[in-house]
Amino acid sequence: MIVLTVITVFLAVALTVYLLSVPRNFTVRKYTVKTDKFSGNIKAVHISDLHNVMWGEGQSELLDKIDRYNPDIAFFTGDIADEYSDTSPAVVMLKEMQKRCLCFYVAGNHERKLPDPSYFKDTVRYIGIPVLEADKEQITVNGCRITVCGIDDPRFYSTDEDYSDEWISDVEKCATDNSDFTVFLSHRPEKAEFYAENGFDLVLCGHAHGGQIRVPRIFNGIYAPHQGLFPKYAGGRYDFDKTTVIVSRGLKKNWLPRTFNPPELVFIDIIGEQ
């Protein structure tokens, strides 16, 4: 009888935690990054791991928050689409953001798994958003000159999950001659130290989904793909000597529990102090 009672209580608690942890909404997280490489301010939105989720009709819930922030530029860091469902929600989001501000896109591992990854990339380009593939662009935003670099997920380089010599070389190529404030976009956060070694000023990543289950102030996440248990870069801000890495917890919502780990929309104020 005691054993049955204990099991019943345990199952009730587990069910309650599960029901409370399934995300019904997303949170907004804001960061400030300072630089002495320009004078002026840039407002950026970082969008990652949407996985074809539709947040309200026509992505209205996301767009309402974004419109209030009024960003100058949007950075998409992969897995906006997903091979397991219709890509229309991803395309809607991309089209709406292209109307609002300058945008840049890098592909993640789930874009690689689409039936025709090249077709989806071409769709993004047709919308008017550059897809960065080991290349970079110099742009001026609010009078501030910056360089935006980006690289495909490693899965685009090979069928393996390993980081090929070519992928590593392409990251290093993106890092050459970057005297401007440089933003580097990569889906994978587990190479944060490598990105920092290459001297990028701001690195934006996704992929880790916040480690799925978090216990604030105890551990930042219990598991992330390609990092395993208790991932070092599950989500949040990581400051190195001259590099800030910001890992989005992503905007995906599904049946998997995200305990103390809601989907998030990330805003970044880049403040020039030249």
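Scroll up to find the structure.
One structure accompanies this document, and this report is about it. (Residues numbered from 1 in each chain as written. Predicted model: local features only at pLDDT ≥ 70, side-chain atom pairs only at ≥ 80, totals over all residues. Heavy atoms only, no water.)

### What about the nonpolar core?
Consideration 1: In terms of nonpolar packing, the biggest core is built from 32 residues, with Ile 47, Phe 76, Met 93, Met 97, Tyr 105, Phe 120 and Leu 265 touching the most fellow members.
Consideration 2: Listing elements by their share of this core, those giving two or more residues are strand S2 (39-47), helix H2 (60-69), strand S3 (73-77), helix H3 (88-100), strand S4 (102-106), helix H5 (117-127) and strand S13 (264-273).
Consideration 3: A total of 5 residues in this core trace back to one element, the largest contributor, which is H3.
Consideration 4: If near-sequence neighbours (up to four positions away) are discounted, Met 97 is found in contact with Val 45, Ile 47, Leu 63, Ile 66, Ala 74, Phe 76 and Cys 103.
Consideration 5: If you look at the next biggest cluster of nonpolar residues, it comprises 24 residues, including Ala 44, Val 141, Cys 144 and Leu 202. (Core = buried A, V, L, I, M, F, W, Y, C linked by side-chain atoms within 4.5 Å. Buried < 20%, exposed > 50% of the residue type's maximum accessible area, 1.4 Å probe, protein only. Helix = DSSP H or I, 4+ residues; strand = E, 2+ residues; numbered from the N terminus. Contact = heavy atoms within 4.5 Å.)

### What to know about the state of the cysteines
Consideration 1: Scanning the model with the defined rule gives 0 disulfides in all.
Consideration 2: Looking at the unpaired Cys 101, the closest cysteine sulfur is the one in Cys 103, lying at 4.3 Å.
Consideration 3: Cysteine Cys 149 is unpaired, with the sulfur of Cys 174 as its nearest cysteine sulfur at 5.0 Å.
Consideration 4: For Cys 149, a relative accessible area of 0% translates into the label buried. (Disulfide = S-S within 2.5 Å.)

### Brief notes about the sheet that holds strand S12 (residues 244-247)
In any sheet, the strands associate via hydrogen bonds between backbone groups, in a parallel or an antiparallel arrangement.
Consideration 1: Strand order in this open sheet of 6 strands is S5-S6-S7-S8-S12-S11, and the pairing throughout is mixed. Sheet topology places strand S5 (135-141) and strand S11 (236-239) at the edges, where each strand pairs with a single neighbour. Averaged over all pairs of adjacent strands, the angle between their axes in this sheet comes to 20°, without regard to strand direction.
Consideration 2: Sheet strands touched by helix H6 (residues 165-174): S5, strand S6 (144-150) and strand S7 (181-185). Its angle to S5, the strand with the most contacts, is close to 30°. (Pairing = 2+ DSSP bridges. Axes fitted to C-alpha atoms, helices over the stretch in contact; angles between N-to-C directions.)

### Structural notes on the layout of surface pockets
Consideration 1: Of the pockets and cavities examined, the largest pocket occupies roughly 280 Å³.
Consideration 2: Looking at the largest pocket, it is lined by 18 residues, and the ones nearest its centre are His 110, His 207, His 209, Pro 225 and Lys 252. (1 Å grid on protein atoms, 1.4 Å probe; cavity = no way out; pocket = protein on both sides within 12 Å on 5 of 7 lines; lining within 4 Å. Points joined across faces, edges and corners; volume = space filled by probe spheres on them.)

### Let's talk about the pairing of S5
Along a regular strand, successive side chains alternate from one face of the sheet to the other.
Consideration 1: Pairing of S5 with S6, which is carried by 7 bridges, proceeds in the antiparallel orientation. Note on S6: the bridge partner recorded for Val 141 is Cys 144.
Consideration 2: Where S5 hands over to S6, the hairpin turn is made up of 2 residues, of which Asn 142 adopts a positive phi near 55°.

### Here's the deal with H2
Residues spaced three or four apart along an α-helix point in a common direction, a consequence of the helix completing one turn every 3.6 residues.
Consideration 1: Every buried residue belonging to H2 is among Leu 62, Leu 63, Ile 66 and Tyr 69, and all of these are buried. For H2, the angular spread of buried residues about the axis comes to 120°, placing them on one side.
Consideration 2: As for H2, its buried residues are in contact with S2, H3 and S13. (Arc of directions from axis to C-beta.)

### Points about the pattern of salt bridges
Consideration 1: Going through the model one piece at a time under the given rule, you end up with 18 salt bridges.
Consideration 2: Among the salt bridges present, the one from Arg 29 reaches Glu 264, with a minimum N-O distance of 2.6 Å. Within this pair, whereas Arg 29 is found in strand S1 (residues 27-35), its partner Glu 264 is found in strand S13, the two being separated by 235 residues in sequence.
Consideration 3: Ionic contacts of the salt-bridge type, sharing partners, join the residues Lys 121, Asp 122, Arg 125, Glu 133 and Asp 152 into one network. (Salt bridge = Lys/Arg side-chain N within 4 Å of Asp/Glu carboxyl O.)

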